[in-house]
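Coordinates in review
This is what each chain is made of:
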Amino acid sequence: MSRVLVPHESKWYDKLKAIGYYGETDFENSIRQHLESLFPDYHVFPFKKDIKSRSTNEKKKPDLAMVRKNLTAWGIIEVELAEHTIGHVLDQLRVFKDGDYNAPETALYVQNKLKKHCNKTINLARLTSLFAEKTPSILVIADSHNEAWNTEVLKLGADLCVFEIFKSARGRHLYRTFGKFPIVAARGVQCRKHPQLANMMEITGVFQFRKTDWNKPVDIDYDGIITPWNLIEDGGITYLRFCGRMNPLSPNTPYCLFADKANKYYLKSI
């Protein structure tokens, strides 16, 4: 059974699924309570509208949708319990991937949902242009990790995220997330390996580390793994030196370093 220890509380949190029951609607409601933290750059709202496949005419309803706050992207979110079969999940994703979203109709539907659930009034013409010009990304949020799911979901061009719920004996909740929740870069720069020193990367341009103590390691997310790095300045050049036990980055791969609006740092291969 999965458990999480919070040291400063000296309390254990047990995975909710192991000590109680919840259905898909309960799971979706838990996610909706934390939308601002999970999707800080998006408006997220219920989306219970039939989507029809262009090729098969089959219809499926997603659970949620998200619209980027600057209206440059949008996506469909499917909430799933890991106890469901992968076939059930893939059947839905195929329809969403091949869906006819009917831009004017979807724009009107979404405009109403944004006003009701996000307290946002957005011009109908701008929403219509977004849905006409941009295909939606597709995101599956599951309550537990399943590597087989991840492989099959990626094959269909969708992303898989995990939102796990834990509960203490006193009824307090704790949440664990990982996977490809959408991240919007506020600033970024390319990095390259040092020609002589292992576990050292040069930051090739101007990049400001905010709210960072240069005397302490900087935590940088790489593919969902938090990796510790020391910041070093030499001759006007800033370097990152890995200071953990095992470096997950390939020495021969170029990377991009970027930060989001909350000043969390990420490395991604390019």
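Residues numbered from 1 in each chain as written. Predicted model: local features only at pLDDT ≥ 70, side-chain atom pairs only at ≥ 80, totals over all residues. Heavy atoms only, no water.

All right, on to the nonpolar core then. If you look at the biggest cluster of nonpolar residues, it comprises 30 residues, and the most contacted ones within it are Phe45, Val67, Leu93, Phe96, Val110, Leu127 and Phe131. Secondary-structure elements contributing two or more residues to this core are strand 6 (64-68), strand 7 (74-80), helix 4 (86-97), helix 5 (103-117), helix 6 (124-133), strand 9 (137-142) and helix 7 (147-155). Among the elements that make up this core, the one with the highest residue count is helix 4 (5 residues). Discounting chain neighbours no more than four positions away, the residues touching Leu127 are Leu71, Ala107, Val110, Gln111, Leu114 and Ile122. Within the second largest apolar cluster, 21 residues are counted, among which are Phe27, Phe39, Met66 and Cys161. (Core = buried A, V, L, I, M, F, W, Y, C linked by side-chain atoms within 4.5 Å. Buried < 20%, exposed > 50% of the residue type's maximum accessible area, 1.4 Å probe, protein only. Helix = DSSP H or I, 4+ residues; strand = E, 2+ residues; numbered from the N terminus. Contact = heavy atoms within 4.5 Å.)

Here we come to the environment of Gly75. By the element assignment, Gly75 lies in strand 7. Ignoring any residue separated from it by four or fewer positions in sequence, one finds Gly75 in contact with Ala65, Met66, Pro136 and Ser137.

The next thing to look at is the side chain of Asp143. Checked against the element boundaries, Asp143 lands in the loop between strand 9 and helix 7. Among the polar contacts listed, one links the side chain of Asp143 to the backbone nitrogen of Ala82, at a separation of 2.7 Å. Not counting the four nearest positions on each side in its chain, Asp143 is found in contact with Lys15, Lys17, Tyr22, Phe27, Glu80, Leu81, Ala82, Val162, Phe163 and Glu164. (Polar contact = N/O pair within 3.5 Å; in protein donor to acceptor, adjacent residues only side chain to side chain.)

Turning to unusual backbone geometry, a few remarks are in order. Even without a glycine there, the phi angle at Asn57 is positive, about 65 degrees. For Asn199, which is not glycine, the phi torsion reads 60 degrees and is therefore positive. In this fold, Asn199 is placed in the loop between strand 12 (187-193) and strand 13 (200-203).

Time to look at helix 6. Every buried residue of helix 6 is listed here: Leu127, Leu130 and Phe131. On an axial view of helix 6, the arc spanned by its buried residues comes to 90 degrees, and they lie on one face. Across helix 6 from its buried face, at more than 90 degrees, point the exposed residues Ala132 and Glu133. A side-chain oxygen of the first residue of helix 6 lies 2.8 Å from the backbone nitrogen of Ala125; this N-cap is Asn123. (Arc of directions from axis to C-beta.)

Now for the sheet that holds strand 4 (residues 51-53). Taken in spatial order, the 3 strands line up as 5-4-8 in an open sheet, and their pairing is antiparallel. In this open sheet, the two strands that pair with only one neighbour each are strand 5 (59-60) and strand 8 (99-100). Sheet topology note: the strand 4/strand 8 ladder contains 2 bridges and is antiparallel. Across the sheet, Ser53 pairs through a bridge with Gly99, a residue of strand 8. (Pairing = 2+ DSSP bridges.)

This structure, assessed with the given rule, holds 11 salt bridges. Residues Asp41 and Lys261 are paired through a salt bridge, measuring 3.4 Å at the closest nitrogen-oxygen approach. With Asp41 in the loop between helix 3 (35-38) and strand 3 (42-46) and Lys261 in the loop between strand 17 (255-259) and strand 18 (265-269), this residue pair connects regions lying 220 residues apart in the sequence. Of the residues examined, Asp41 reaches a relative accessible area of 10% and is grouped as buried. Residue Lys261 is classed as exposed on the basis of its relative accessible area of 66%. In this structure, Asp63 and Lys48 form a salt bridge, with 3.5 Å as the shortest nitrogen-oxygen distance. On the criterion of sequence distance, the pair formed by Asp63 in the loop between strand 5 and strand 6 and Lys48 in the loop between strand 3 and strand 4 is long-range, its members being 15 residues apart. Classification of Lys48 by relative accessible area gives partly exposed; the value is 37%. (Salt bridge = Lys/Arg side-chain N within 4 Å of Asp/Glu carboxyl O.)

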